[in-house]
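Okay, here's what each chain looks like letter by letter:
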Amino acid sequence: MRVLVDQDLCGTTGQCVLTLPGTFRQREPDGVAEVCVATVPQALHAAVRLAANQCPVAAIRVIESDAGHDERASADAAPSPTQAQRHAAKDQRNSGDTMGRFEGKVAVVTGAGAGIGKACALAIARGGGRVVVADIDGPAAIACTAQIAAEAGHALAIAMDIADEQAVAALFETAERHFGGVELLVNNASAMHLTPRDRAILDLDLAVWDQTMATNLRGTLLCCRQAIPRMIARGGGAIVNMSSCQGLSGDTAQTSYAASKAAMNMLSASLATQYGHSQIRCNAVAPGLIMTERLLAKLDECMQRHLRRHQLLQRVGRPEDVAALVAFLLSDDAAFITGQLVCIDGGMLAHVPTYADGGNSCAARPVGDTESAAAARC
């Protein structure tokens, strides 16, 4: 087994219990920070895996298993200069005027291990920003930073829970120590694992309500409280809070989630009002049907068809769609936009409730798409 230990992160929280024997063989860039590479004796393999899983700042990563089957992952983590140049050239061709829009800026993106958060982190990095990738899933955060590194970007992975006030403080302290400050914040982390248990009011487990609020709302507040003073010290900044269309209309379930997102909308407006004179902008983004891997696993084809019928645009949203909007709101192109809630839902909330059934005109329904035929498809 070989293991990467990030010396810049290791020990920042005082919780690390792993001490590797012997002498480190080499130092090499890992895309997260400068790291040390060590070969670990067989007797310590179990201890290393445990430490890696429990490391609160994702400073420890196993890069080669006992059987040596993870060599490809090791190679991906540290791309060659030729690979990095090739990726950078490709990005320059594809990014147009957005190239360099975040040059010299530091962003913290929570819930950035997958889905919308990961797409946002990649978009900021492709714009030249340095990104702190925070996620409760440490390996997912590291995978995101590895992809950023493969494209010649700069990122730092931190495993943490935004419902934990001390962990949030450590997140921003580490970001400041490693990159020098914070100008951009994307509050994307959300307790999505609780949504299957998030039911109607009389059926709702209060523990689900409390945990949802602790992550979605309180966690966002904690991150803002840590970011604002640092942004003021840097002359200003921009915050985007990830809301949801479910925070804008009632539903038969998702009570806690919807309430937390509705409250986030007002939190965003309050922040924009209170700190606009300090040159801090804050906006909220409300996605509709965005087909992340997690959502794809939850929705069967029948439900996807049902939801798409209520969109004005005939496709589902992609994480990259949301990331493009977030990047715009963070950038100087949106320098006069603050305190706003922007829906990105393919037009799902833009029409009368009867739209999918023809509304006030039969022309709204595709030819041959009768109500009975639609029901038969499900």
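Structure first, text after, so check above.
What you see is a predicted model, and the numbers here were worked out from it, not measured in a lab.

Caption draft 1: How the structure looks around the overall build of the protein. Within the protein, the regular secondary structure consists of 12 helices and 11 strands. Relative to its full complement of 378 residues, the protein shows a buried share of 47%. For the protein, the proportion of contacts with a sequence separation of at least 24, taken over those separated by at least 6, is 74%. Total accessible area computed for the protein in this model is approximately 18,500 Å², and 54% of it derives from carbon and sulfur atoms.

Caption draft 2: Highlighting a nonpolar patch on the surface. Together, L248, L341 and L349 line one region of the surface with nonpolar side chains, adding up to about 220 Å² of accessible area. Here L349 is to be found in the loop between β11 (341–344) and α12 (371–377). Under the relative-accessibility criterion, L349 is labelled partly exposed at 39%.

Caption draft 3: Local environment of the packing of helix α4 (residues 115–126) against helix α11 (residues 319–330). Taken N-terminus to C-terminus, the directions of α4 and α11 make an angle of 50°; their axes are 8 Å apart at the nearest point. Considered as vectors, α4 and α11 are oriented oblique to each other. Crossing of α4 over α11 shows right-handed handedness. Where α4 abuts α11, its residues G115, I116, A119, C120, A123 and I124 lie against P319, E320, V322, A323, V326, A327 and L330. Broken down by class, the residue content of the contact of α4 with α11 amounts to 11 nonpolar, 1 polar and 1 charged.

Caption draft 4: Quick peek at the sheet that holds strand β6 (residues 130–135). If you trace the 7 strands from one edge of the open sheet to the other, you get β7-β6-β5-β8-β9-β10-β11, paired in parallel fashion. Looking at which strands have only one partner, the edges of the open sheet turn out to be β7 (154–159) and β11. Ignoring strand direction, the axes of neighbouring strands in this sheet form an average angle of 15°. Along the sheet, helix α7 (residues 206–233) makes contact with β5 (106–110), β8 (184–187), β9 (237–242) and β10 (280–287), crossing β8 at roughly 175°.

Caption draft 5: Focus on the packing of α7 against helix α8 (residues 255–275). Close contact between α7 and α8 brings their axes to 9 Å; oriented N to C, the two are set at 15°. Overall, the two elements α7 and α8 adopt an arrangement that is roughly parallel. Crossing handedness for the pair α7 and α8: right-handed. Of α8, the residues touching α7 (which contributes V208, W209, T212, M213, N216, L217, T220, L221, C224, I228 and I232) are T255, S256, Y257, A259, S260, K261, A263, M264, L267, L271 and Y275. When the residues that make up the contact of α7 with α8 are grouped by side-chain class, the tally is 15 nonpolar, 6 polar and 1 charged.

Caption draft 6: Focus on the environment of I337. Relative to the elements of secondary structure, I337 occurs in the loop between α11 and β11. Among the residues examined, I337 registers a relative accessible area of 28% and is labelled partly exposed. Placed 56 residues apart in sequence, I337 and R281 show a C-alpha to C-alpha distance of 7.3 Å.

About the criteria used
Residues numbered from 1 in each chain as written. Predicted model: local features only at pLDDT ≥ 70, side-chain atom pairs only at ≥ 80, totals over all residues. Heavy atoms only, no water. Helix = DSSP H or I, 4+ residues; strand = E, 2+ residues; numbered from the N terminus. Buried < 20%, exposed > 50% of the residue type's maximum accessible area, 1.4 Å probe, protein only. Contact = heavy atoms within 4.5 Å. Areas by Shrake-Rupley, 256 points an atom, 1.4 Å probe, with all protein chains shown as cover. Patch = residues over 30% accessible without salt bridge, like charges linked within 9 Å, V, L, I, M, F, W, Y side chains within 5 Å. Salt bridge = Lys/Arg side-chain N within 4 Å of Asp/Glu carboxyl O. Axes fitted to C-alpha atoms, helices over the stretch in contact; angles between N-to-C directions. Parallel < 35°, antiparallel > 145°, perpendicular 65-115°, else oblique. Left-handed = near helix turned anticlockwise from the far one by under 90°. Nonpolar A, V, L, I, M, F, W, Y, C, P; charged D, E, K, R; others polar. Pairing = 2+ DSSP bridges.

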